Amino acid sequence: MVPLYTAAIFTAAFLLFLVQPLAARLVLPQLGGSPAVWTATMMFFQVVLLGGYAYAHAIERLARARQAIIHAIVVLSCLVFLPLALPAWWSPDLAPPTPVLLLVLLGAVGVPFFAVSSASPLIQAWFARTGHARAHDPYFLYAASNAGSLLGLLAYPLAIEPLLGLRDQGWFWSIGYGLFALLLAGCWAMGRARTQPAPKPSPRRAEPKTASNAHDSPPARADLWRQRAAWIALAAAPSSLSLGVTQFITTDIAAIPLLWVIPLAIYLITFIVAFGRFGPAGERFGSLLLPLVVIAVTAVMLRQVGQPLIVVALLHLVLLLVAGLSCHGRLAALRPGAARLTEYYMLVSFGGALGGAFNALAAPLLFDAILEYPIAIAGVCALLALRGTRKKPKRDAKAPDTPEPAKPRRNPSLLRAMLPPLGAAVGVALFLLGTDAFIALSGYRSGDRLLGRIPWDPFIIALTVALPCLVAVFLIRWPLVFAAVIVTLTGQATYVPMAATGPRVDILLRDRSFFGVCIVFERQEFLTDADRYVPPLRGIRHGTTIHGEQFVEPNRRHDPLSYYSRPGPVGDAFARLPDTPRTIGVVGLGAGTIAAYGRPGDTIDFFEIDRAVADIALDPTLFTYLSDSPARCNIIIGDGRLRLADQPEHRYDLLVLDAFSSDAIPIHLLTREAFLLYASRLRPGGALLVHISNKHFRLGGPVTLAGRDAGLHVIQRDHASTPRDTVFEGIRSSSWVVLSSSPEWLMTFADAPGWQVVPLPASGEAWTDDHANVLSVLRPT
């Protein structure tokens, strides 16, 4: 009996978490590879999971015959949606992205996911009605559910995605659904044959007493609602934290299933531990380490440390691990008896959906920075206050008529009572003083800071990082005050990133959309210690990467800066285009810097997926590249690859590919199918210019292989700039690849320094829409 129930729950969980990366993978290329795709997808599945648990809670109260009829209709109705595929009516042009994405997921996988999601609580409720020796505590089956979930998550990026195309993946899931339906029918039939009026606890293996299941009788009304609130909070905070960690990792690496899976797998592992035999030990371990890991993460965020990437990412993943162990361990300790099992799962699911909705829906509307992550960190810290709330065992009644002696009441001194708020105030004051006042007062050293000489840095680190973190250590014993200090420090680091702005830099605009956060900043003019003039400069930053800069002074604002300077690879490519009127396509707008190369008679089509970026580039009070250009500039909103497919063949003399979200790779723009499209849109002898600068990945190999399959020859230049070039001339280091079907035109680059012919490899597979091995091009740390 137990193997059958375990197999059914395991299979349901496997399908449940296999379909999540599969569905996100289906829609990702249509939405520009944004990390927000996974956040919205996860929120959708959490809400549908809540619906499945609520359905199980409602149907479990019905008679078994009525249950069978209703659930059979639900399970069989899913056959209409198999095999899994995107609905035919969907177009990426529909807006706004998040509501449309939710409707697409509902039409593609919503009903099958709903049917499978109800399996775990429903099967456990069926098991609780049998006469099995463990029927009084069916929560051990939850471990099988989490194990199946974990296997489904890991199987997708490691086995299913590399071996099967997207269509075959849909059929694979459909076959698994058929197996699940058979197992579910077997569980119902066996449970019907062995159902008893009420579950009887085993005298030999009694259920371990916890804060809420020591007695199966329901608690008082006030305690009942406090218990429910605790369930919801303990589920919501780790859910929000998981999505925050995922967004942090994918923003600067790539929105790919493997990087979605790692945080979610850790999240599930904490559930497995919490509901297993080591749950209490895991809770103690997580609660002990959580404040220390939070302080370490806070220090990293305050200093905007981004390298080495793997170490920084591991630190955030460790935070998710200890937070999950602490919160989920406490959640498991507060579980009720079997009579309230479906209610418990429904409210836990509601908490998870609440955390997901906060990140996916509320946060983009409420905040213009990624503040949901600091809030989630503070939330798991605040929940440490729930430790030690277990009910104390009743004392043996030795003398019932003898009252217990009254304990002397302690009156803490006023100073001791004020220590937590005073400590919080000191920590916040020190941080604000360090980041604002001190850097402003030391602004005369800004020339040295920008040129790489930072003599004041140790003192700044001590004032802005060490002292606030020491104050936080002091406040660990007061979880709520500790959480308030942490959210202030991490929120300030997120909202005013010191390392990304620096001294004498003002933030002019901050805008958040589905595709990320854009910041427009302006560096003020100043004199260095050698009395050399540094001109004012304005730039746009997406995530952690600068995507365009422009001098503010009228006599210099026509100069293309940053990665697009005239001495760099972009200048070399434009200098070798014909003198006749040219048609140029640019995938990725940024500040519109490429428009500075336009001449009278030229046409430049900019393809930009984020309307917020287009609004910034078109605003002449921020950037004037587009308004000053003598060329006719068109801005086409939408995913570059999809909108480029709408253009006529052989339209462009030069096609520039520079579409990065922060430092993440837009994988769907670097596949074989994408390069075949680019080649078809180039005129005979035309060229493709690809920006491959990346802090974390070596993109030259995938670009070369895709170019080979498209019949293009390849040359590459790595342009290195000095700190002085960056400060005084606005020139930044960059790496570009030029691809063309005309080797004769590529030979004209022989007189330009730094260009090298890239041999076309005879073997090796290019990335495709079905498969891309991103980790194979990861730079060594």
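Residues numbered from 1 in each chain as written. Predicted model: local features only at pLDDT ≥ 70, side-chain atom pairs only at ≥ 80, totals over all residues. Heavy atoms only, no water.

For the chain, the count of helices and strands is 26 helices and 14 strands. Across the 781 residues of the chain, 57% fall into the buried class. The contacts in the chain between residues at least 6 apart in sequence include a share of 77% that link residues at least 24 apart. For the chain, the exposed surface amounts to about 32800 Å²; the carbon and sulfur share of it is 63%. (Helix = DSSP H or I, 4+ residues; strand = E, 2+ residues; numbered from the N terminus. Buried < 20%, exposed > 50% of the residue type's maximum accessible area, 1.4 Å probe, protein only. Contact = heavy atoms within 4.5 Å. Areas by Shrake-Rupley, 256 points an atom, 1.4 Å probe, with all protein chains shown as cover.)

Take the sheet that holds strand β12 (residues 713-719) next. Read from one edge of the open sheet, 8 strands run β9-β8-β7-β10-β11-β13-β12-β14, paired in mixed fashion. Of all the strands in the sheet, just β9 (632-637) and β14 (756-757) have a single pairing partner and so form its edges. Sitting on the sheet, helix α23 (residues 672-681) is in contact with β10 (652-657), β11 (682-691) and β13 (734-740), with an inclination near 135 degrees to β11. (Pairing = 2+ DSSP bridges. Axes fitted to C-alpha atoms, helices over the stretch in contact; angles between N-to-C directions.)

Taken as a whole and assessed by the stated rule, the structure comprises 18 salt bridges. Arg 556 is paired through a salt bridge with Glu 729; the nearest N and O atoms lie 3.3 Å apart. Taken as a pair, Arg 556 in the loop between β6 (545-551) and α19 (569-575) and Glu 729 in helix α25 (residues 723-729) lie far apart in primary sequence, 173 residues in all. Overall, Glu 729 belongs to the partly exposed group, its relative accessible area being 35%. With a shortest N-O distance of 2.9 Å, Arg 708 and Asp 709 are connected by a salt bridge. The class for Asp 709 is partly exposed, based on a relative accessible area of 28%. (Salt bridge = Lys/Arg side-chain N within 4 Å of Asp/Glu carboxyl O.)

Below, the discussion takes up the packing of aromatic side chains. Taken as a whole and judged by the stated rule, the model has 19 aromatic pairs. Their ring planes at 75 degrees and their centres at 6.4 Å tell us that Phe 358 and Phe 367 sit as a pair that is edge-to-face. Across the ring face of Trp 225, the terminal group of Arg 228 is positioned such that the distance to the ring centre comes to 4.5 Å. A cation over an aromatic ring shows up here: Arg 556 above the ring of Phe 551, its NZ or CZ 4.0 Å from the ring centre. (Phe/Tyr/Trp six-rings, centres within 6.5 Å; stacked < 30°, edge-to-face > 60°. Lys NZ or Arg CZ within 6 Å of the ring centre and 35° of its normal.)

Taken together, the side chains of Ile 69, Ile 70 and Ile 73 define a hydrophobic patch exposed on the protein surface, amounting to about 280 Å² of accessible area. Turning to its location among the elements, Ile 73 is positioned in helix α3 (residues 64-77). (Patch = residues over 30% accessible without salt bridge, like charges linked within 9 Å, V, L, I, M, F, W, Y side chains within 5 Å.)

Most of β11 is tucked away: 7 of the 10 residues are buried. With 5 bridges joining them, β10 and β11 adopt parallel strand pairing. By the bridge assignment for β11, Leu 654 is matched with Ala 687. Taken together, the 5 bridges between β11 and β13 define a ladder with antiparallel strand orientation. The residue bridging His 691 from the neighbouring strand is Trp 736, located in β13.

This part takes up the sheet that holds strand β5 (residues 537-542). Spatially, the 4 strands line up as an open sheet ordered β1-β2-β5-β6, and their pairing is antiparallel. A single partner strand is all that each edge strand has here, and the edge strands are β1 (505-513) and β6. Here the average twist between neighbouring strands, direction ignored, is 15 degrees. Relative to β6, β5 is paired through 5 bridges, and the arrangement is antiparallel. In the sheet register, His 542 faces β6, and the bridge partner there is Thr 545.

Attention now goes to unusual backbone geometry. Following Leu 82, the chain continues to Pro 83 via a peptide bond in cis, the omega torsion being -5 degrees. Checked against the element boundaries, Pro 83 lands in the loop between α3 and α4 (97-117). Although it is not a glycine, Ser 562 adopts a positive phi angle of roughly 60 degrees. Tracing the backbone shows Ser 562 in the loop between β6 and α19. The exposure class of Ser 562 is buried, given its relative accessible area of 0%. Phi at His 650 takes a positive value of approximately 55 degrees, unusual for a residue other than glycine. For His 650, the position within the fold is in the loop between α22 (640-645) and β10.

Quick look at the packing of helix α1 (residues 2-27) against helix α2 (residues 36-59) now. Viewed as axis vectors pointing N to C, α1 and α2 meet at an angle of 140 degrees, and their least axial separation amounts to 10 Å. Between α1 and α2, the angle is such that the two are oblique. The element α1 and its partner α2 pack so that their crossing is right-handed. The residues of α2 that touch α1, namely those facing Leu 16, Val 19, Gln 20, Pro 21, Ala 23, Ala 24 and Val 27, are Val 37, Trp 38, Thr 41, Met 42, Phe 45 and Leu 49. Residues that form the contact of α1 with α2 fall into these classes: 11 nonpolar, 2 polar and no charged. (Parallel < 35°, antiparallel > 145°, perpendicular 65-115°, else oblique. Left-handed = near helix turned anticlockwise from the far one by under 90°. Nonpolar A, V, L, I, M, F, W, Y, C, P; charged D, E, K, R; others polar.)

With that out of the way, let us pick up the nonpolar core. If you look at the biggest cluster of nonpolar residues, it comprises 131 residues, and the most contacted ones within it are Trp 173, Tyr 177, Leu 241, Leu 319 and Ile 377. Dropping the residues within four chain positions of it, Leu 319 is found in contact with Leu 241, Leu 290, Val 293, Val 294, Val 297, Tyr 373 and Ile 377. Ranked by size, the runner-up nonpolar core spans 46 residues in total, among them Leu 561, Phe 606, Trp 736 and Val 738. (Core = buried A, V, L, I, M, F, W, Y, C linked by side-chain atoms within 4.5 Å.)

As a further point, take the packing of helix α13 (residues 372-382) against helix α17 (residues 479-495). As a packed pair, α13 and α17 sit with axes 8 Å apart at the nearest point and diverge in direction by 170 degrees. The angle between the axes of α13 and α17 places the two elements in the roughly antiparallel class. Of the two elements, α13 crosses α17, and the hand of that crossing is right-handed. Residue-level inspection shows Pro 374, Ile 375, Ile 377, Ala 378, Cys 381 and Ala 382 of α13 in contact with α17, the latter providing Pro 479, Leu 480, Phe 482, Ala 483, Ile 486, Val 487, Thr 490, Gly 491 and Thr 494. Taken together, the residues that form the contact of α13 with α17 break down as 12 nonpolar, 3 polar and no charged.

Our next topic: the confidence of the model for the chain. On average, residues of the chain score 79 in pLDDT, and 78% of them reach the 70 mark or higher. Low confidence marks residues 388-402, where pLDDT is under 50. Its contacts with residues over four positions away, or in another chain, come to 9 contacts. With pLDDT under 50 throughout, residues 498-502 is counted as low confidence; its partners more than four residues away or in other chains account for 9 contacts. (pLDDT = per-residue confidence, 0-100.)

Residue position: Leu 234 is located in helix α8 (residues 221-252). On the basis of relative accessible area, Leu 234 is assigned to the buried category, the value being 1%. Between the alpha carbons of Leu 234 and Arg 330 there is a distance of 7.5 Å; along the sequence they are 96 residues apart. Setting aside its immediate chain neighbours within four residues, Leu 234 contacts Cys 327, His 328, Arg 330, Leu 331, Leu 334, Leu 383 and Leu 386.

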